[in-house]
Amino acid sequence: MKIQLKSTITCPECGHKKAEEMPTTACQFFYECENCKTVLKPKEGDCCVFCSYGTLACPPIQENKNCC
């Protein structure tokens, strides 16, 4: 399976969606919604904001590897 680097993050506070490119060398622990300015953090058990709020999990998880 080819690793996908684009994921759409949905803010749980306001529902705003934005397509973002995921980093391949580090986890992204924080993400600020450009609409309501809420700072998103990973849910318990998730390694990054893409795994919690994105349409796709981060690249390491897509590869069935440990993240971070």
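Details of the structure are given in the entry above.
Here goes a summary of the coordinates provided. These numbers come from a predicted model, not from an experiment.

Conventions and cut-offs
- Residues numbered from 1 in each chain as written.
- Predicted model: local features only at pLDDT ≥ 70, side-chain atom pairs only at ≥ 80, totals over all residues.
- Heavy atoms only, no water.
- Helix = DSSP H or I, 4+ residues; strand = E, 2+ residues; numbered from the N terminus.
- Rg over C-alpha atoms; globule rule 2.2 N^0.38 Å.
- Buried < 20%, exposed > 50% of the residue type's maximum accessible area, 1.4 Å probe, protein only.
- Contact = heavy atoms within 4.5 Å.
- Areas by Shrake-Rupley, 256 points an atom, 1.4 Å probe, with all protein chains shown as cover.
- Pairing = 2+ DSSP bridges.
- 1 Å grid on protein atoms, 1.4 Å probe; cavity = no way out; pocket = protein on both sides within 12 Å on 5 of 7 lines; lining within 4 Å.
- Points joined across faces, edges and corners; volume = space filled by probe spheres on them.
- Nonpolar A, V, L, I, M, F, W, Y, C, P; charged D, E, K, R; others polar.

**Quick look at the overall build of the protein chain**
A count of helices and strands for the protein chain gives two helices and four strands. Along its sequence from the N terminus, the protein chain presents helices and strands in the succession β-β-β-β-α-α. Its C-alpha atoms give the protein chain a radius of gyration of 11 Å, within 12% of the compact-globule value 11 Å for 68 residues. By residue count, 28% of the 68 residues in the protein chain fall in the buried class. The contacts of the protein chain with a sequence gap of at least 6 include a subset with a gap of at least 24, amounting to 35%. When the accessible surface of the protein chain is summed, it comes to about 4500 Å², and 48% of that surface belongs to carbon and sulfur atoms.

**A look at the pairing of strand β2 (residues 17-21)**
Summarising the sheet, strand β1 (residues 6-10) and β2 pair through five bridges and their orientation is antiparallel. Bridged to S7 within β2 is E20. Connecting β1 to the antiparallel partner β2 that follows it, the hairpin turn spans six residues, and G15 within it adopts a positive phi of roughly 85 degrees.

**Focus: empty space enclosed by the protein**
Where empty space is left in the structure can be found by rolling a water-sized probe over the atoms. One pass over the full model with this rule turns up two cavities of 30 Å³ or more. Put simply, the largest cavity is a space of about 40 Å³. As for the largest cavity, its lining consists of M22, P23, A26, C27, Q28, C48, F50, C58, P59, P60 and C67. For the lining of the largest cavity, a count of residues per class yields 10 nonpolar, one polar and no charged. In this structure, the second largest cavity spans a volume of roughly 30 Å³. The wall of the second largest cavity is formed by I9, C11, H16, K17, K18, Y31, C33 and L40. Partitioned by chemical class, the residues of the lining of the second largest cavity number five nonpolar, one polar and two charged.

Interpretation in functional terms is not warranted from these geometric data alone.
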